[in-house]
Structure formats: structure tokens, C-alpha cells
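Structural overview for review
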2 protein chains.
Amino acid sequence: MTTKKYLQMLQKEIHSTAFATVDENGLPHVRIIDIMLVDDDSLYFITAKGKEFYRQIERQKFVAITGMTGGRGDSLTKKAISIRGKIKNVGQDLLDKIFELNPYMKDIYPTNTRYALEVFQVYEGQGEYFDLSSKPIYRDTFTLGGKKEVHSQYVIDKNCIGCDKCAKVCPQQCIDKLSPYSIRQENCLHCGLCLETCPSNAIKLLTI
Amino acid sequence: MTTKKYLQMLQKEIHSTAFATVDENGLPHVRIIDIMLVDDDSLYFITAKGKEFYRQIERQKFVAITGMTGGRGDSLTKKAISIRGKIKNVGQDLLDKIFELNPYMKDIYPTNTRYALEVFQVYEGQGEYFDLSSKPIYRDTFTLGGKKEVHSQYVIDKNCIGCDKCAKVCPQQCIDKLSPYSIRQENCLHCGLCLETCPSNAIKLLTI
């Protein structure tokens, strides 16, 4: 799927997501934030100037976001989208449009109290899609604002002796018996069992 | 509600939550993690040794968690629970019990592949409950492992001149006209409009 489709899924199907930040002590924080507006390759959210969250994002202009579609309860029935990226404060110009698109906001911030809020844009970053409801599991990556994709993956190199131990131990059965053996990246859980099991040191975790 | 009740709500009603961590560059990460088991004042989750998440929590033994109940889509219909606290790796002794309680895990990690996983306990921390579906909004705090509660709140002190400006501007109408005026903490959005509006510098954001 394209970045635009993933962003639309995030706004329309998921909408309420978790935003993670780092405080002045280097410790993580996370809270529920709604995705108010998206365009082809960026997304917008709002927060009030009086919040801890506001101070944290003004200091480190970066957030990590994750959200999932509804489901039966456990994560096995759900699809998750995660994004990490740079943000900027774009002021209050989009506030009225956002309140029109998300009328429930008028119940929380009635009349002019909406001007306690400011709008932020995630303008550059990378995203990951993770579907635990498919068998085997399915993952995909995408980018925002033309940022080059960077991600980690387990890879089998030419030291592979074809012993089949990695394929046997893989919980998702996503290792193909080629020469060398090969991991289907879109189905990999990143559990690391293959690397742990390989007797010939042929499996590496690479950041690509 | 008691800590135990909030933890049970987290495991049974919410189950799939977002866990935030900090990487070696000081940047936030977040992903969906299920709450596998709770007791009176701690909770348990699992992850695979091959994951980036595993390395981050082994380095900084601290996580921030948030999750919300299902709802119509936007956060206005939902109740959220957030917890921040210290964690420890408790090995694999609880794995079989966790797989019995959460049988869907057998589809992701069939047979013996479950031993790619280790169990972690959040044993000390503090939590917050946030209900945007009630009018006015409602918040509450609780602790895990006997940790003293620490939280921020807006407070009005004796510099209050009773001018009523803060009460007029409050989006949740949660400021009582006492002497000095007083903020009902359980209904406060932490938007900061009152502090911004006060002409007599009587409103402070305190960490208590």
C-alpha cells in the first residue's frame, strides 16, 4: 500500500493512537492522541499548551506513534500502524478545519476554548504496518516526506550451510530453502530464534 | 477504583496496549504489546529476545504504557489507562501459564518456539485513569508496588482575587468559586488556559 493509504487508515479506521515522547530525564511517556487530519505524506494532531506533552514535543521535535484497528480484544485480530518522525508546530491556522472534521472536539473544548490548542505536523519519518491477523503475519514499511527508509531485518548470508535448523525453528515458517536460505522479510516476527539457532553464524540483524 | 481493579481492566477490557521506550539515541519508540497477566499491584508482558524492544528494555528498565477501551472510533467515547514504571526480567517460569491464559499466542509462537520469549514484570510505578466519555472528563491516579504517587496539577493559591476569569475560560467548567477559587482535579484537562488567563499570577502547575 502507499503512504497515503496507510495515513488514511490511521485517520479513519484507527483515529485514536498512542504518542510516545521522552522527558527531561530521558524516560519515556505515552498517551492517547487522535489523528486529526492527513494529507499525501504527513499527518496532523493537536494538543493544549498547558500539557506536559506540549513541553516534551517542543523540546524534542520528534514523536513515535502506534495505533491499531479494532478487533476481538487481543492483538492477533488487529492491524497496527506505527510511525516515527520529525514534527513541527504549525500554529492555529488549521484548528477550525480540524474542529469541522472532528466535531466531537467541540464537546471537550467548547466555543473559544479551542484556542488553548495548537496544531502539529509530522512532516518527515518512516512507518511500519504490522498485521498479526494474517497467517503468516505480514509487515510492510513506508515513508513520510521523502525520508529514506531505514529498518532492521534478519538476513542470512553466504555462510549458510543449508542445515535447515533455522527453518525448523521459525515460528512463522517464513524461511525459504534457497542457497543460501532466505527469510521472507514481510512475514518475519523479528523473534531472533533463527539467529540463536544457526550453527554457522550465517544470520545477522542488519540495519538497512 | 483500586490499583487491582485498574489492572484487571487493563488486562481484560483493554488487553492490547502501547509500550513506549527510549533508544540509544534518546529517541522514543512505541509498539503494541498485550497485557498477559496481572496481580494485585503488578503486571506482566512478554517479548522475544531478538527484538529491538527487548534490547531497549534490558538497557533502560523502565516503560510507559497506555491503552484504551474500545469505542466508536474517536477518543471521546473511550477510557484510557496509562502506567509508567520500573520493570524486571522474570525469565520463562510464567510462560506456560501465560500461554494457557492467552491461547491465541500459540498461533504466533507454536510448539516450543515460545521459548524465544521472556516474561517481564512492571513491579513499581504509577498509573493514571482518564475518561473522556464522562462529562466533565474524569481522571484518577493509582500506584503499583507501593510507589508514592507523583503527578502534576494546576493549583490556585492565595493570590486569587476572585475575578472569575479562570472559571469563565475553563473548557470543562471545573473551577469552583471558593476563596481562593479551586480546581476540581479529577475533572481537569490540564489545558493550561486558566494559568494563561489569570491576571494575578495565582495559578501554578505543581508536581505533587
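Residues numbered from 1 in each chain as written. Chains lettered and ligands numbered in written order. Predicted model: local features only at pLDDT ≥ 70, side-chain atom pairs only at ≥ 80, totals over all residues. Heavy atoms only, no water.

Brief notes about the pairing of strand β7 (residues 117-131) of chain A
Side chains on a regular strand alternate between the two faces of the sheet. All names here are of chain A. Of all the 15 residues making up β7, 12 are buried; the element is thus mostly covered by neighbouring parts of the structure. Sheet analysis places strand β4 (residues 43-48) next to β7, joined by 6 bridges and oriented antiparallel. What sits directly across from F45, in β7, is F120. Sheet topology note: the strand β6 (residues 79-89)/β7 ladder contains 11 bridges and is antiparallel. Of the residues in β7, the one forming a bridge with K86 is E124. Summarising the sheet, β7 and strand β8 (residues 138-144) pair through 7 bridges and their orientation is antiparallel. (Buried < 20%, exposed > 50% of the residue type's maximum accessible area, 1.4 Å probe, protein only. Helix = DSSP H or I, 4+ residues; strand = E, 2+ residues; numbered from the N terminus. Pairing = 2+ DSSP bridges.)

Section: the side chain of T113(B)
Relative to the helices and strands, T113(B) resides in the loop between α4 (105-108) and β7 (117-131). Side-chain polar atoms of T113(B) contact the backbone oxygen of P110(B), separated by 2.7 Å. Apart from the residues within four sequence positions on either side, T113(B) is in contact with V169(A), C170(A), P171(A) and L193(A). (Polar contact = N/O pair within 3.5 Å; in protein donor to acceptor, adjacent residues only side chain to side chain. Contact = heavy atoms within 4.5 Å.)

Concerning the pairing of strand β1 (residues 16-22) of chain A
Residue and element names in this part refer to chain A. In terms of residue burial, β1 counts as a mostly covered element, since 7 of its 7 residues are buried. Side chains of β1 alternate between two faces, with S16, A18, A20 and V22 and T17, F19 and T21 buried alike. Here β1 runs beside strand β2 (residues 28-34); their pairing, made up of 7 bridges, is antiparallel. Bridging across to β2, A18 finds its partner in I32.

What about the pattern of salt bridges?
The tally for this structure, following the rule as stated, stands at 26 salt bridges over all chains. For D107(A), the salt bridge goes to K135(B), with nearest N and O atoms at 3.7 Å. In this pair, D107(A) is assigned in helix α4 (residues 105-108) and K135(B) in the loop between β7 and β8 (138-144), connecting two distinct chains. The partner of K177(A) in a salt bridge is D164(A), with the nearest N and O atoms 3.5 Å apart. (Salt bridge = Lys/Arg side-chain N within 4 Å of Asp/Glu carboxyl O.)

Here we look at unusual backbone geometry
Put simply, K135(A) and P136(A) share a cis peptide bond, and its omega is -5°. Note on placement: P136(A) falls in the loop between β7 and β8. Cis geometry is found at the peptide bond from S179(B) to P180(B), where omega equals -5°. Checked against the element boundaries, P180(B) lands in the loop between β10 (175-176) and β11 (182-183). Backbone geometry at T111(A) places phi at a positive 40°, although glycine is not the residue there. Position of T111(A) among the secondary structure elements: in the loop between α4 and β7. Judged by its relative accessible area of 65%, T111(A) falls in the exposed class. Here N201(A), not a glycine, exhibits a phi torsion of approximately 55°, which is positive. Inspection of the secondary structure puts N201(A) in the loop between α6 (193-197) and β12 (203-207). Taking relative accessible area as the criterion, N201(A) reaches 55% and is therefore assigned exposed.

Considerations on the packing of aromatic side chains
Residues and elements named next belong to chain A. Per the counting criterion, the structure on display carries 16 aromatic pairs over all chains. Arranged with centres 5.5 Å apart and planes meeting at 15°, the rings of F45 and F120 form a pair that is stacked. One end of the pair, F45, is in strand β4; the other, F120, is in strand β7, and 75 residues separate them in sequence. Grouping residues by exposure puts F45 and F120 together as buried. These aromatic residues form a ring-pair network of at least three members: F19, F45, F53, Y54 and F120. Across from the ring centre of Y123, 4.7 Å away, lies the NZ or CZ of K88, which sits over that ring. (Phe/Tyr/Trp six-rings, centres within 6.5 Å; stacked < 30°, edge-to-face > 60°. Lys NZ or Arg CZ within 6 Å of the ring centre and 35° of its normal.)

Re the relation of the copies chain A and chain B
Least-squares fitting of chain A to chain B yields an RMSD of 0.0 Å, with the transformation described by 0.0 Å of translation along the axis and a rotation of 180°. With respect to symmetry, the two chain copies, as superposed, fit the operation of a two-fold axis. (Least-squares fit on C-alpha atoms with pLDDT ≥ 70 in both.)

Focus: the environment of I203(A)
All names here are of chain A. Among the structural elements, I203 can be located in strand β12. Linking I203 and N102, residues 101 residues apart in sequence, is a C-alpha distance of 48 Å. Excluding its chain neighbours within four sequence positions, the residues that come into contact with I203 are Y154, V155, I156, C166, C194, L195 and C198.

Some points on the domain arrangement of chain A
All names here are of chain A. Per the domain assignment, the segments making up chain A are domain 1 (3-146) and domain 2 (153-207). One C-alpha centre belongs to domain 1, the other to domain 2; they are set 34 Å apart. Tallying the contact residues gives 6 residues for domain 1 and 8 residues for domain 2. Around 570 Å² of area is buried between domain 1 and domain 2 when both sides are counted, 54% of it from carbon and sulfur atoms. When residues of domain 1 are sorted by the area they lose upon contact with domain 2, P136, I137 and R139 head the list and together hold 84% of the total. Along the contact surface separating domain 1 from domain 2 lie 0 salt bridges. (Domains from an automatic or database assignment. Buried area = accessible area lost by both parts, 1.4 Å probe.)

A closer look at the interface of chain A and chain B
Contacts between the two partners involve 59 residues from chain A and, on the opposite side, 60 residues from chain B. In total, chain A and chain B occlude about 4400 Å² of area from one another, counting both sides; carbon and sulfur atoms represent 65% of this. On the chain A side of the contact with chain B, P28(A), V30(A) and I108(A) bury the most area, a combined 13% of that side's loss. The interface formed by chain A and chain B holds 4 salt bridges in total. Connecting chain A to chain B are 16 residue pairs in polar contact (both at pLDDT 80 or more).

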